[in-house]
Amino acid sequence: MTLVQFLFYVMSFIALGSALFVAATKNLVRSIFMFFITLFALAGLYVLALADFVAITQIVIYVGGILVLILFAFMLSGKEALNILVQQRKPFISIKTIPALLLAALFLIVLINMVVKVDANNLGWIKKSVAFKNEIQPNAAMTENIGVNLMTSYLLPFEAISILLMLALVGAAHLSRKGGSQ
């Protein structure tokens, strides 16, 4: 086992373990701090994948900005709002959640159908981007190189981070809400 493989397994274990802790714990403060560790471990995985720009972006934007925003939203939310959230333990499946669950199931079916039927190797825009990527020289503009890499090699991590950002914003908005039960 090489050093890179060992570091990959360690970073993966840290990322998965801390992410599971974030999802399973009921203490919000501990969850936020473990989320810091999760994002740092993901940045380490990006460094191992030679995506240094994405790793630095992960640390600066998500760890430095978004999680601090979540932490401040939690600290500024009153105890009354948190007590209301704790007291409102509702069942997962109710009349109100059935349309959302059906819509999510339909979306999952569409995604699975798309993944099964699409032939990713023969898509025109992928062929053009691979041809364009092969034409990039070391002295090419950095933004061109970043743009092509983000839309080809690192598209999945880029989209995963964007979804994570959206969830962080929704969570921060939910925590900073001052009103009663809605």
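The preceding data block contains the structure.
What comes next is a walk through the structure. Computed from a prediction, not measured in an experiment: that's the story for all the values here.

**Re the overall build of the protein chain**
No. 1: Along its length, the protein chain carries eight helices and zero strands.
No. 2: When the helices and strands of the protein chain are read in sequence order from the N terminus, they spell out α-α-α-α-α-α-α-α.
No. 3: Buried residues in the protein chain amount to 22% of all 182 residues.
No. 4: In the protein chain, the proportion of contacts linking residues at least 24 apart, taken out of those at least 6 apart, comes to 57%.
No. 5: Of the roughly 13100 Å² of accessible surface on the protein chain, a fraction of 74% belongs to carbon and sulfur atoms.

**Some thoughts on the packing of helix 2 (residues 28-48) against helix 8 (residues 155-175)**
No. 1: Contact geometry of helix 2 with helix 8 gives a least axis separation of 13 Å together with a crossing angle of 165°. Overall, the two elements helix 2 and helix 8 adopt an arrangement that is roughly antiparallel. The chirality of how helix 2 crosses helix 8 is left-handed. Facing Leu28, Phe35, Leu39 and Tyr46 of helix 2, the residues of helix 8 in contact are Pro157, Ile161, Leu164 and Leu175.
No. 2: Tallied by class, the residues present in the contact of helix 2 with helix 8 amount to eight nonpolar, no polar and no charged.

Analysis parameters
- Residues numbered from 1 in each chain as written.
- Predicted model: local features only at pLDDT ≥ 70, side-chain atom pairs only at ≥ 80, totals over all residues.
- Heavy atoms only, no water.
- Helix = DSSP H or I, 4+ residues; strand = E, 2+ residues; numbered from the N terminus.
- Buried < 20%, exposed > 50% of the residue type's maximum accessible area, 1.4 Å probe, protein only.
- Contact = heavy atoms within 4.5 Å.
- Areas by Shrake-Rupley, 256 points an atom, 1.4 Å probe, with all protein chains shown as cover.
- Axes fitted to C-alpha atoms, helices over the stretch in contact; angles between N-to-C directions.
- Parallel < 35°, antiparallel > 145°, perpendicular 65-115°, else oblique.
- Left-handed = near helix turned anticlockwise from the far one by under 90°.
- Nonpolar A, V, L, I, M, F, W, Y, C, P; charged D, E, K, R; others polar.

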